[in-house]
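Take a look at the letters that make up each chain.
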Amino acid sequence: MKRISFETLKDLNPRNEGLSEAEVASQRSRHGKNEIVEVTNNPWIELALDTLKDPMIWFLLGIGTVFIFVGDTSEAIVLFVAILPLLLMDAILHWRTQASTSSLKGQLTSQVNALRAGKEVLVASHDLVPGDLILVNPGLYLPADGIFQEVKDLQVDESALTGEAFPISKSISRLEPFSLSGKGEMAVDPSSLGFAGTRVLTGLGKLRVLYTGQRTAYGEIVQSVSKMPHERTPLQKSITKLVQGLIVASAFLCLLLGGVRIYQGHGWLDALLSAATLAVAAIPEEFPVVFTFFLGVGVYRLAKRRALVRRAVSVENIGRVTHICTDKTGTITIGILQLTHMDPADGFAEVDLLKAAFAASNPDGSDPVDVAIREAANLQKLLTQIRTRTFPFTEDRKQETAFARTKDGGNFAYMKGSPETVLAKSNLSEEVRQQWKERTIRWASEGHKVLACAQKKLSEEEAARNEEPPSGFEFCGLIAFEDPPRPEVAEAMAYCQRNGIGVLMITGDHLDTAVAIARDVGLGGQSPCAVSAEDEQEKFQEQWLNNNPDFLRHLHVVARCTPLQKLHIVSALKTSGELVAVTGDGVNDVPALKAADIGIAMGERGTRSAKEVASIVLADDNFRTIVGAIKEGRQLFTNLGLSFKYLLYVHFPFVLTAAVIPLLGYPLVYLPVHIVWLELIIHPSALFAFQQPADGVDGIGQSKKSFFNRADIIEVIVFGIALTAIMGFSFVSGLSENVEEGHARAKAMVMLTFWSAGTVAAFSRFKTLASVLIVICTLLSTVLLVQIPFSAELLKLAPLHLLDWAAICFWVALFLTLQLARNFVISRRSSRND
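The following paragraphs examine the structure supplied in this document. Nothing here was measured: the structure is a model prediction, and the numbers come from that model.

**Regarding the overall build of the protein**
Piece 1. When its secondary structure is counted, the protein shows 29 helices and 23 strands.
Piece 2. Counting every position in the protein, which comprises 834 residues, the buried fraction comes to 54%.
Piece 3. In the protein, 73% of the contacts between residues at least 6 apart in sequence involve partners at least 24 apart.
Piece 4. A total of about 36800 Å² of accessible surface is found on the protein, and carbon and sulfur atoms cover 58% of it.

Structure follows, in structure tokens:
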């Protein structure tokens, strides 16, 4: 007996027509939505919190307030107005990042039929509330915990919760749930209870919902799994390390600069402005912002490829995948079975074999095998036999048995299932049994899915006993199905091979069938390395796999694999250093999906539980979509690397000139309004200029854990110091040429903005329209803002002479030429090594 409480039904009217609209609204306010993992926050609050994280906003508010106190109102107004475009940019960034994920939620929602106000309606699973009356039918994964009020031959697979491989028969409870709503916990027969995440095998019924969301037994399991900490990706660790290092360095420079400016006699306002300006220039807030934005773009791009992302960080992880553990049926194959061959035993005609297979199948089932058999039986105009008892197929049993009564009143048990299982229960000699095993191998080696059928005449006593016969069946023969591979998978397999991504097909099918399909799609060439987990079980024990890490690396196919063995395979690959993506569609796949670095659930045939713990859901269940997602992830890595390199190239001379020149006693190079101007250039450039597509690109971003090697870092430092020297020289010479500081500042600002535009052009190579527009807008706006007297005065600058513009263009072009020359040399060396 199981003790449960009916308190969730308190204050509801006990009727069989379902809840009224008012009761549904009341229950939802009390118990919330039937959600187990996802939590939706207020988007406006999220936007406000994200905006408050922008240090640039606080900088402008703080400095503007200081200017008000010192009486410089006009400068304060300029700074406060400058906040508006930054707020707009933050809002657009937040919306763009969130939009792609919010539009996908509806595609991940399952639906059930329920009675409400006396009408049968289709209800989204997350909208169910305690008290709802669900209509239960075969194939349904129960969306909530409840008590059965009506049942008809109802059997449920509860292996996800109990580990029990056999079907559980359900019955009606004698208790009246509504009358017990205020009496605490009661002892209830578990056979009358239904649990979320379990699958209905046969029969019909009505389930009164008692618990939803995290209060379900399944919800408690999923929550415990979901609370396992997700390891930070190497990229996240690299960004965190970089940001922390730059923050420490900037804090030291700010304190040093402020103290030196006071010591030099410039006053506390100058010292404050110097330190604050340097802080904003040096604090690398763009790096996490760019990372978050690029992940949002990746989510959108993957959605266009029909891969729906549940955790944005998976976009980065998918690009570093080194091993894919994939299902066969529906992912590598089309997933539509056709009964193409029948191999009857002696004494049986093909129609007799088909009759036995049809009798052992669910006449109303949606399983591909049952559908294929039913279509073949309909062509032969076979009549459906009256089934009196069924023992459904499960992955552990590998068989399905049905009791049926013939027209003359006889009772038969019909069985279909894996040839190994059915042959073992048939009354054949060992010699004949071996011959049928060889015929099974022959059919399977041609790529067919093979099942065996058998029958047994039952006595009245055996038929009444309702127990599945353990042996004594008369073997009827083999039936062979075809499920051809998807034509586009071969190209995806070739991509994986070219780019060093291992692929392991894991299936419950026969070994020779799996090998034939692998050969057809190019997995492992003409001689895939394959093994049957059923025949060599010792090799799929966790300890053995960990002790033999090379075993899985060279393997292409694992047949007759159980969910537990699949979990051991995933864990062993991760232990050996592989970054693993795993596909799954059922409740039994949940542990492997969660254990994987990237869990990929099937959107068309996947269960709710698989989708909830997966990182990515495939809308089309296609292996090519997985490879397309990997391409996008690798392109994301490349694009991020270009964006981060751009930020370092621009920020390094920016920070050095903001720190070194004032330390030497010269006036401030950048005023607060100049910081705003530069941020309005740097932010869009880093976010939009490097969004290059991944179409047709091989070998990009392959499984790297860091963007930059030592040579890249040296390059940034050398170019940064050299450009700082030129900018410093231009600033100091500008002061000597003209007593106005605005002239010197204009030369420094123009050189930095032109350097930004040139860097965008060099790194992006104008592969996107955004990069072209950004370069043009940067150059044009710089010329106009500096040369127009009104805007120049507003920005505390002075128009430049023609010679000034020529000198700036020369130096920027020289540095860009040197940078492009270096990249050309590196590219040539790399191509020679390849």
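**Regarding the packing of helix 24 (residues 672–688) against helix 26 (residues 741–764)**
Piece 1. Where helix 24 meets helix 26, the axes come as close as 11 Å, and the angle between the chain directions of the two elements is 5°. One finds that helix 24 runs roughly parallel with respect to helix 26. Where helix 24 abuts helix 26, its residues His674, Trp677, Leu678, Ile681 and Ser685 lie against Arg745, Met749, Leu752, Thr753, Ser756 and Val760.
Piece 2. Partitioned by chemical class, the residues of the contact of helix 24 with helix 26 number six nonpolar, four polar and one charged.

**A word on the nonpolar core**
Piece 1. If you look at the biggest cluster of nonpolar residues, it comprises 107 residues, and the most contacted ones within it are Val321, Ile600, Ile616, Phe623, Tyr646, Tyr670 and Trp755.
Piece 2. Broken down by element, this core gets its largest block of residues, 19 residues, from helix 23 (residues 623–663).
Piece 3. For Phe623, the contacting residues outside a window of four places in its chain are Ile324, Thr326, Thr331, Ile332, Val489, Ala492, Met493, Cys496 and Val503.
Piece 4. If you look at the next biggest cluster of nonpolar residues, it comprises 43 residues, including Ala377, Tyr414, Trp443 and Cys453.

**Comments concerning the packing of helix 23 against helix 25 (residues 710–737)**
Piece 1. Two numbers describe how helix 23 lies on helix 25: the axes approach to 8 Å, and their chain directions differ by 40°. Between helix 23 and helix 25, the interaxial angle falls into the category oblique. Judged by the twist between their axes, the crossing of helix 23 over helix 25 is right-handed. Where helix 23 abuts helix 25, its residues Lys645, Leu648, Tyr649, Phe652, Pro653, Leu656, Thr657 and Ile661 lie against Asp712, Glu715, Val716, Ile717, Phe719, Gly720, Ile721, Leu723, Thr724, Met727, Gly728 and Phe731.
Piece 2. Looking at the contact of helix 23 with helix 25 residue by residue, the classes come out as 13 nonpolar, four polar and three charged.

**Focus: the pairing of strand 9 (residues 199–211)**
Piece 1. The element strand 9 is largely enclosed, with a buried count of ten among its 13 residues.
Piece 2. The pairing of strand 5 (residues 145–157) with strand 9 spans ten bridges and is classified as antiparallel. Residue pairing in the sheet places Lys152 in a bridge with Leu204 of strand 9.

**Things to note about the side chain of Gln691**
Piece 1. Position of Gln691 relative to the elements: it lies in the loop between helix 24 and helix 25.
Piece 2. Under the relative-accessibility criterion, Gln691 is labelled buried at 14%.
Piece 3. Within the local environment of Gln691, its side chain forms a polar contact with the backbone oxygen of Leu687, the two atoms lying 2.9 Å apart.
Piece 4. Dropping the residues within four chain positions of it, Gln691 is found in contact with Phe293, Phe294, Val297, Arg301, Asn639 and Thr768.

**A short note on the sheet that holds strand 18 (residues 502–506)**
By definition, the strands of a sheet pair up through backbone hydrogen bonds, in either a parallel or an antiparallel sense.
Piece 1. Taking strand neighbours across the sheet as the criterion, the eight strands line up as 10-23-22-21-11-18-20-19 in an open arrangement whose pairing is mixed. Edge positions in the sheet fall to strand 10 (307–309) and strand 19 (530–532), since each has one partner strand and no second. In this sheet, adjacent strand axes meet at a mean angle of 20° when their direction is disregarded.
Piece 2. Pairing geometry for strand 21 (residues 580–584) and strand 22 (residues 598–602), over four bridges, is parallel. Within strand 22, the position partnered with Ala581 by the bridge is Ile598.
Piece 3. Of the strands in this sheet, strand 10, strand 11 (323–326), strand 18, strand 21, strand 22 and strand 23 (616–618) touch helix 23, which is tilted by about 160° from strand 11.

**Notes on the environment of Thr759**
Piece 1. Within the element layout of this structure, Thr759 appears in helix 26.
Piece 2. Separated by 110 residues in sequence, Thr759 and Tyr649 place their C-alpha atoms 7.7 Å apart.
Piece 3. Setting aside its immediate chain neighbours within four residues, Thr759 contacts Tyr646, Tyr649 and Leu816.

**Notes on the sheet that holds strand 17 (residues 474–482)**
Piece 1. Taken together, six strands build an open sheet; the order of strands is 12-17-16-15-14-13 and the sheet is antiparallel. Of all the strands in the sheet, the pair left with one neighbour each is strand 12 (338–344) and strand 13 (386–391). Put simply, the sheet's adjacent strands are angled 25° from each other on average, direction ignored.
Piece 2. Two elements, strand 16 (residues 448–458) and strand 17, share eight bridges in a ladder whose sense is antiparallel.

**Observations concerning the packing of aromatic side chains**
Piece 1. Tallied over the entire structure, the rule returns 14 aromatic pairs.
Piece 2. For the pair Phe540 and Phe551, a centre-to-centre distance of 5.9 Å together with 70° between the ring planes defines the contact as edge-to-face. Note that Phe540 is positioned in the loop between strand 19 and helix 18 (542–547) and Phe551 in helix 19 (residues 550–553), a separation of eleven residues in sequence.
Piece 3. Taking the centre distance of 5.3 Å and the plane angle of 70° together, the rings of Phe810 and Trp811 count as edge-to-face.
Piece 4. Directly above the ring of Tyr495 sits Lys631, whose terminal nitrogen or CZ lies 4.8 Å from the centroid.

**Some remarks on helix 14 (residues 430–445)**
Piece 1. In this model helix 14 runs 22 Å from its N-terminal to its C-terminal C-alpha over 16 residues, within 8% of the 22 Å that 1.5 Å per residue would give.
Piece 2. Within the sequence span of helix 14, burial applies to Arg433, Trp436, Thr440, Trp443 and Ala444. One side of helix 14 carries all its buried residues, which in axial view fall inside an arc of 95°.
Piece 3. Of the surrounding elements, those touching the buried residues of helix 14 are strand 12, helix 13 (419–424), strand 16, strand 17 and helix 17 (511–521).
Piece 4. Gly447 occupies a position one or two residues after helix 14 and carries a positive phi of about 90°.

**Structural notes on unusual backbone geometry**
Keep in mind that most residues, glycine aside, have a negative phi and that most peptide bonds are trans.
Piece 1. Here the phi dihedral of Lys381 falls at roughly 60°; this positive angle occurs in a residue that is not glycine.
Piece 2. Structurally, Lys381 can be placed in the loop between helix 12 (368–379) and strand 13.
Piece 3. Given the relative accessible area of 71%, Lys381 is considered exposed.
Piece 4. The phi dihedral of Arg560 is positive, around 50°, even though this residue is not glycine.
Piece 5. Relative to the helices and strands, Arg560 resides in the loop between strand 20 (557–559) and helix 20 (563–575).
Piece 6. Of the residues examined, Arg560 reaches a relative accessible area of 6% and is grouped as buried.

**Digging into the pattern of salt bridges**
Piece 1. Within this structure, the stated rule accounts for 23 salt bridges.
Piece 2. Lys416 serves as the salt-bridge partner of Glu400, at 2.7 Å between the closest nitrogen and oxygen. Remark: Lys416 occurs in strand 15 (residues 411–417) and Glu400 occurs in strand 14 (residues 399–405); sequence separation between them is 16 residues.
Piece 3. According to the relative accessible area criterion, Glu400 is buried, its value standing at 10%.
Piece 4. Relative accessible area serves as the criterion here: at 4%, Lys416 is assigned to the buried category.

Rules behind the numbers
Residues numbered from 1 in each chain as written. Predicted model: local features only at pLDDT ≥ 70, side-chain atom pairs only at ≥ 80, totals over all residues. Heavy atoms only, no water. Helix = DSSP H or I, 4+ residues; strand = E, 2+ residues; numbered from the N terminus. Buried < 20%, exposed > 50% of the residue type's maximum accessible area, 1.4 Å probe, protein only. Contact = heavy atoms within 4.5 Å. Areas by Shrake-Rupley, 256 points an atom, 1.4 Å probe, with all protein chains shown as cover. Axes fitted to C-alpha atoms, helices over the stretch in contact; angles between N-to-C directions. Parallel < 35°, antiparallel > 145°, perpendicular 65-115°, else oblique. Nonpolar A, V, L, I, M, F, W, Y, C, P; charged D, E, K, R; others polar. Core = buried A, V, L, I, M, F, W, Y, C linked by side-chain atoms within 4.5 Å. Left-handed = near helix turned anticlockwise from the far one by under 90°. Pairing = 2+ DSSP bridges. Polar contact = N/O pair within 3.5 Å; in protein donor to acceptor, adjacent residues only side chain to side chain. Phe/Tyr/Trp six-rings, centres within 6.5 Å; stacked < 30°, edge-to-face > 60°. Lys NZ or Arg CZ within 6 Å of the ring centre and 35° of its normal. Expected span 1.5 Å × (residues − 1). Arc of directions from axis to C-beta. Salt bridge = Lys/Arg side-chain N within 4 Å of Asp/Glu carboxyl O.

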